[in-house]
Amino acid sequence: MTLAPLPALAERLVRRLAEPLPGLAAHLWMAPLRRTEDPRMLTVDGKSGRPAATLVLLYPLADEAPALVLTQRQPSLRSHSGQISLPGGRIDPGETPEEAALREGYEEVGLDPDAPRVLGRLSPLYIPPSGFAVTPIVAAMGERPPFTPHEAEVAALIEVPLATLLDPATRRLAERVVRGGRFEVPHFAVGEHEVWGATAMMLAEFLAVVREVVGG
């Protein structure tokens, strides 16, 4: 798939993110659900989830190829230790999802919150184990930011070319224990890392939107 230069891609994403989104249909492509589980458990409809936001940040690598940043959480953290995540966290009182996502970008990877251009929101996702209702925020920068990971939270910074995530071969299956059951769970294979669960579902919707705007 041929990607447009990031400025052109960003403009297309602004327009597409303002329209109805694929939502649950895209989330299910990477959802760790057993066949007997109701997919509606992943929607925020009728649920009083704790509000949270994540940041899907696009920026160019040295070769101008669009990329986004993920983090590996420190093994010592109480929640989701060692997992691969988008920068993000709970929304504080009085914050918008956009403000929360950019603040978390600063707190986790040292991103200047005034630097990115916000392109729009993805669909909220309910996360049953934690009770969070997460709104992913898509943003872009014209150059790679000088990341400074917060060592207490971030064990590793993972920069992923967008083309890697768009490659169908990046989606794999691996057996995991989820909610007391052992079954095959989809994940993105990114180098030595496996990106699964809520992060993979949020990325699945983002990738579905990208495929629409680039015609692939």
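See above for the structure.
A brief look at the structure comes next. Remember, it's a predicted structure, so these values are computed and weren't measured experimentally.

The rules we used
- Residues numbered from 1 in each chain as written.
- Predicted model: local features only at pLDDT ≥ 70, side-chain atom pairs only at ≥ 80, totals over all residues.
- Heavy atoms only, no water.
- Pairing = 2+ DSSP bridges.
- Helix = DSSP H or I, 4+ residues; strand = E, 2+ residues; numbered from the N terminus.
- Axes fitted to C-alpha atoms, helices over the stretch in contact; angles between N-to-C directions.
- Contact = heavy atoms within 4.5 Å.
- Salt bridge = Lys/Arg side-chain N within 4 Å of Asp/Glu carboxyl O.

### Some points on the sheet that holds strand β11 (residues 193–195)
Strand pairing in a sheet is mediated by backbone hydrogen bonds. Such pairs are either parallel or antiparallel. The strand order across the open sheet built from 3 strands is β9-β10-β11, with neighbouring strands paired in antiparallel fashion. Because the sheet does not close on itself, it has two edges, and the strands there are β9 (171–178) and β11. The average undirected angle you get between the axes of adjacent strands in this sheet is 55°.

### Notes on unusual backbone geometry
Positive phi, normally seen in glycine, also occurs at E64, with a value near 75°. Assignment of secondary structure puts E64 in the loop between β1 (50–60) and β2 (66–73).

### What about the side chain of H193?
Relative to the helices and strands, H193 resides in strand β11. Not counting chain neighbours up to four residues away, the residues in contact with H193 comprise Q72, I84, I158 and F188.

### Describing the pattern of salt bridges
In the structure shown here, the tally under the stated rule is 11 salt bridges. Ionic pairing is found between E11 and R117, a salt bridge with its closest N-O pair at 2.6 Å. In this pair, E11 sits in helix α1 (residues 6–17) while R117 sits in strand β5 (residues 117–121), placing the two residues 106 residues apart along the sequence. In this structure, E19 engages R16 in a salt bridge whose closest nitrogen and oxygen atoms are separated by 3.9 Å. Residues joined in a network through salt bridges with shared partners are D92, E95, R103, E104 and E107.

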